[in-house]
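Chains, contacts and geometry: an overview
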Amino acid sequence: MNDIRRVAVVGAGQMGAGIAEVFARAGLDTVVCENGSAALRAARSRIDRSLHHAVQRGRLGEQQRTDAWAHLLFADDLEALADRQLVVEAVVEAEGVKTEVLRALDKILVSEEAVLATNTSAIPITRLGIATGRATHLLGLHFFNPAPVMPLVELVPSLHTDPAVLDRVETFTRDVLGKHVVRSRDRAGFVVNALLIPYLLSAIRMAEAGHAGVEDIDAGMVHGCAHPMGPLALADLIGLDTVQAIAESLYDEYKEPLYAPPPLLARMVEAGLLGRKSGRGFHAHRKA
């Protein structure tokens, strides 16, 4: 039986709330930590909507929803996480912010065996790990959106991660959370985004150059390649700011043109047209 039962998520935006829901549905003692009462109310609302939709779609029973809520606690102070065995950092995809949070958690966690995980999409894990005093117990645990639905988790050790810690977290992720785990070396983008982001950027360049309209680009990949959604709709789902941040991390590491964010992407992010989270991106959406 896996020993990890007390967990936490720091940052409860779209990804963090989903990860917290995954933990709670697995019967784990879960603390959700956000900065301030307004952010905590938003986190509760996100989780409530997701659980409600899961029940509506037959993926979850009413009792399971009730049980999940019974495993959730909310806090606006990192000190509430002192006894946690695993803490997942899921704050904004900015290296400076992540480093600050991880350093603070390193000082707060009581157990030397507690594991720090980051849900970064692309920032090298080694760079984040050496900013703390527990690089051997820090790794990448990259969930995909929406976390309660998507089965994949990328497990990424740094150059310092203890192999026993890696095995422990893989067993937990597979056997307790029920996720499919793939291991990746610590390179920007890991496995999925190193393949996915150039595809999304290529679609953005196609729209930017006027080769085809947004609807036609997406329809082409849905009906011509049997993709569940087109690349521009997928970029909207991920968040155009997140796509840009991942692309910048990839370009910083590889210096290859295919990873460079197109000007159109940068302009849309500057304009606050971030996709589903803002209500408008390449497509119009109901604001999340």
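Description of the structure in this document. (Residues numbered from 1 in each chain as written. Predicted model: local features only at pLDDT ≥ 70, side-chain atom pairs only at ≥ 80, totals over all residues. Heavy atoms only, no water.)

Quick notes on the overall build of the protein chain
Secondary structure assignment for the protein chain yields 11 helices and 8 strands. Its C-alpha atoms give the protein chain a radius of gyration of 19 Å, near enough to 19 Å, the size a compact globule of 288 residues would have. Based on the C-alpha atoms only, the size of the protein chain along its principal axes is roughly 55 × 45 × 35 Å. Nonlocal contacts in the protein chain, meaning residues at least 24 apart in sequence, comprise 67% of its contacts between residues at least 6 apart. With an accessible surface of roughly 13200 Å², the protein chain has 53% of that area assigned to carbon and sulfur atoms. Taking the average place of the 30 positive charges on the side chains of the protein chain and the average place of its 35 negative ones, the gap between the two points comes to 4 Å. (Helix = DSSP H or I, 4+ residues; strand = E, 2+ residues; numbered from the N terminus. Rg over C-alpha atoms; globule rule 2.2 N^0.38 Å. Contact = heavy atoms within 4.5 Å. Areas by Shrake-Rupley, 256 points an atom, 1.4 Å probe, with all protein chains shown as cover. Lys, Arg positive; Asp, Glu negative; His and termini not counted. Charge placed at Lys NZ, Arg CZ, Asp CG, Glu CD.)

Comments concerning the environment of V91
Locating V91 in the fold gives a position in the loop between strand 4 (86-89) and helix 4 (95-108). Along the sequence, V91 and L274 sit 183 residues apart, while their C-alpha atoms lie 17 Å from each other.

Thoughts on the pattern of salt bridges
Tallied over the full model, the rule gives 17 salt bridges. Taking the shortest distance from any N to any O, the salt bridge between D83 and R84 comes out at 3.0 Å. The salt bridge partner of D241 is K277, with a shortest N-O separation of 3.0 Å. A residue pair is termed long-range when its members are at least 10 positions apart, and D241 in helix 10 (residues 240-254) and K277 in the segment after helix 11 (263-270) qualify at 36 residues. (Salt bridge = Lys/Arg side-chain N within 4 Å of Asp/Glu carboxyl O.)

Examining the packing of helix 2 (residues 37-56) against helix 3 (residues 62-70)
Running from amino to carboxyl end, helix 2 crosses helix 3 at an angle of 160°, the nearest separation of the two axes being 9 Å. Comparing their axes, helix 3 and helix 2 come out roughly antiparallel. Handedness of the crossing formed by helix 2 with helix 3: right-handed. Facing R44, I47, D48, L51, H52 and V55 of helix 2, the residues of helix 3 in contact are E62, R65, A68 and W69. In terms of residue class, the contact of helix 2 with helix 3 is built from 5 nonpolar, 1 polar and 4 charged. (Axes fitted to C-alpha atoms, helices over the stretch in contact; angles between N-to-C directions. Parallel < 35°, antiparallel > 145°, perpendicular 65-115°, else oblique. Left-handed = near helix turned anticlockwise from the far one by under 90°. Nonpolar A, V, L, I, M, F, W, Y, C, P; charged D, E, K, R; others polar.)

Some words on the sheet that holds strand 5 (residues 115-118)
Strand order in the open sheet formed by 8 strands is 3-2-1-4-5-6-7-8, and the pairing between neighbours is mixed. Looking at strand neighbours, the two that pair on one side only are strand 3 (72-75) and strand 8 (180-183), the edges of this open sheet. Averaged over all pairs of adjacent strands, the angle between strand axes in this sheet comes to 25°, irrespective of strand direction. Two strands pair when backbone bridges link them, and strand 1 (residues 6-10) and strand 4 are joined in this way by 4 bridges, in the parallel orientation. If you follow V7 over to strand 4, its bridge partner there is L86. Its contacts with the sheet put helix 2 on strand 2 (29-33) and strand 3, and the angle it makes with strand 3 is roughly 155°. (Pairing = 2+ DSSP bridges.)

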